[in-house]
Amino acid sequence: MKVNFAEYIWIDGINPTGALRSKTRAVVLSENPRITDFPTWSFDGSSTNQATGADSDCILQPINFFSDPISDTNNTNNYLVLCEVLNSDGSPHISNKRAVLRDILEKGGKDFEAWLGFEQEYTMFKKNIPLGWPEHGFPAPQGPYYCGVGSEQIFGRELANKHRDICINSGIVYYGMNAEVMPGQWEYQIGYRDFTKEDVSAINVSDHLWVARWLLHRLSEEYNIHISHDNKPIKGDWNGAGMHTNFSTKDMRNKDIGRKAIEEAIANLKIRHVDHIKYYGDRLEERLTGQHETSSLNEFSYGIANRGCSIRIPRIVEQKGYGYLEDRRPGANADPYLISALLISAVSGIEFKAL
Ligand code: ADP
Ligand code: MN
Ligand code: MN
Ligand code: MN
């Protein structure tokens, strides 16, 4: 009998931004387990803002799993098991935003065959200072840092690269990464990669992003670095951190009707701008100022290759006449399940119901 470890990962009930939690259990599984082979489990919801002490048991329902390249110290096949949180009667817990997306997909959203690609930005901190920043004052102004190279420009590449390798080894649909405009700030992308036979559906890509976030936090422990998903970690003339969301439907990717489908999607997004903004990340108003490659929170706009708009149509998409759009509004601390649910709701007309 071979005993392995499964790290059960879930999102807690902290408001307004859920945080990741996890705990480990021993499992005995076949060589190629399926998700249904992982047992359901429970946890103390009173310690995660998900229950009261008197009725504290919440259920962990495994829904997606990955190999765990981090804890494999003795060369075993350990797993990372992403879970939905359920109430004791089996209904989704109010903090379970994945259930919101599931609901829309089940009501017909699935037929739109949405593909997702998230660009997750984040900032590395040491103590309370962004990595590479002087203890007092500021570094040289923004300009040379984005996609830079060299020790004057780049801070934290070792961790960013390690995260890249770990994501790939765990089976995450990791697309790429780059150093960002503010020193100490980075981005990685999770989602569509133009590789055949890959599941880049909204729910799978959102699952993958949450596990990629968990892996980054987990790795940061080893570097004594803190990972911030704050939308505007440093006030003033410094870029905020976003989660641009690249989105396409079957029709948008269709050579013959793609352009029209993209235009229709944008028209629907325009009508719903205020509703979407409510769910696009905590303290988004600090980031969506109209400065620093963002649009204004109060206005909806779109443009081709324009990085000051709410929605950008990439130049190549405009040239080909079909493809995808980029929603530049979501903040770095947004929940990919909710962003996906809102986008699919906007193109399908299926009602978005926050739990
Ligand atoms: P940017 O130029 O905005 O920095 P990136 O190179 O960081 O763009 O990321 C491109 C993103 O576009 C990736 O997340 C990728 O998954 C996504 N993407 C590309 N094509 C599609 C598509 N057809 N549908 C959805 N997402 C797509
Ligand atoms: Mn990018
Ligand atoms: Mn970026
Ligand atoms: Mn982008």
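The structure contained in this document is the topic of the report that follows. Here the residue index of a chain counts from 1 through its sequence in written order. Labels are handed out in written order, letters beginning with A for the chains and numbers beginning with 1 for the ligands. Note on the predicted model: pLDDT of at least 70 is required for a residue's local features to be given, and 80 or more for side-chain atom pairs to be given and counted; whole-chain, interface and lining totals, by contrast, use all residues. Only hydrogens and water are set aside; all other atoms, that is, all heavy atoms of the structure, feed into the side-chain values.

1. Quick look at the site of ligand 1
Thinking step 1. Any residue with a heavy atom lying within 4 Å of a molecule or strand is counted as near it. In the region of ligand 1, 16 residues are neighbours, and Glu187, Gln189, Tyr192, Ser248 and Glu326 sit closest.
Thinking step 2. In the analysis that follows, any N or O atom pair within 3.5 Å is treated as a polar contact, provided that within protein one partner can donate a hydrogen and the other can accept it, and provided that, for residues neighboring in sequence, both atoms belong to side chains. A distance of 2.8 Å separates a nitrogen atom of ligand 1 from a polar atom in the side chain of Ser248.
Thinking step 3. A distance of 3.2 Å separates an oxygen atom of ligand 1 from a polar atom in the side chain of Arg312.
Thinking step 4. Both cavities and pockets are sets of points on a 1 Å grid over the protein atoms alone; in a cavity a 1.4 Å probe fits but cannot get out, in a pocket the set is open with protein on both sides within 12 Å along at least five of seven lines, and lining residues sit with an atom within 4 Å of a point. What decides whether a molecule sits in a cavity or pocket is whether more than half of its atoms lie within 2 Å of the grid points. According to the grid-proximity analysis, the pocket containing ligand 1 is the largest pocket.

2. Quick look at the packing of helix H1 (residues 98–106) against helix H7 (residues 336–348)
Thinking step 1. What counts as an axis is a line fitted to C-alpha atoms, over the stretch in contact for a helix, and the angles between N-to-C directions run from 0 to 180 degrees. The helix count covers DSSP runs of H or I at least four residues long, the strand count covers runs of E at least two residues long, and both are numbered beginning at the N terminus. Running from N to C, H1 and H7 cross one another at 25°; their axes reach a closest spacing of 8 Å. The pairing of H1 with H7 is recorded here as roughly parallel in orientation. The two elements H1 and H7 cross, and the hand of that crossing is left-handed. In this structure, H1 contributes Arg98, Val100, Leu101, Ile104 and Leu105 to the contact, and H7 contributes Tyr337, Leu338, Ser340, Ala341, Ile344 and Ser345.
Thinking step 2. For this classification, the nonpolar set comprises Ala, Val, Leu, Ile, Met, Phe, Trp, Tyr, Cys and Pro, the charged set comprises Asp, Glu, Lys and Arg, and every other residue, Gly included, is treated as polar. Residues belonging to the contact of H1 with H7 are distributed by class as follows: eight nonpolar, two polar and one charged. Oblique is the label for any angle not under 35 degrees, not over 145, and not in the 65 to 115 range, which are roughly parallel, roughly antiparallel and roughly perpendicular in turn. The sense of a crossing depends on the near helix, which, turned anticlockwise from the far helix by less than a right angle, makes the crossing left-handed and, turned clockwise, makes it right-handed. Contacts are assigned to residue pairs with any non-hydrogen atoms lying within 4.5 Å of each other.

3. With respect to the coordination of the manganese ion (ligand 2)
Thinking step 1. For Na, K and Ca the donor cutoff is 3.2 Å, while for all other metals N, O and S atoms must lie within 2.8 Å; water is not among the atoms, so some sites may look incomplete. Those protein atoms acting as donors to the manganese ion (ligand 2) are Glu119 (OE) and Glu187 (OE), and they sit at 2.1 to 2.2 Å.
Thinking step 2. Note on exposure labels: buried denotes an accessible area under 20% of the residue type's maximum, exposed denotes more than 50%, and partly exposed covers the range between, all computed with a 1.4 Å probe on protein chains only. Look at Glu187 and you get buried, because its relative accessible area is 5%.

4. Re the layout of surface pockets
Thinking step 1. As a volume, the largest pocket reaches approximately 920 Å³.
Thinking step 2. In terms of lining, the largest pocket is formed by 41 residues, of which the most central are Glu119, Asn246, Arg312, Tyr324 and Glu326.
Thinking step 3. Counting residues per element, the ones that place at least two in the lining of the largest pocket are strand S6 (115–126), strand S8 (174–179), strand S9 (185–191), strand S11 (243–248) and helix H6 (315–320).
Thinking step 4. Take the lining of the largest pocket: its biggest share by element is six residues, from S6.
Thinking step 5. In this structure, the second largest pocket spans a volume of roughly 700 Å³. Grid points are joined across faces, edges and corners, and a volume is the space filled by probe spheres set on the points.

Honestly, it's all geometry; don't read function into it.
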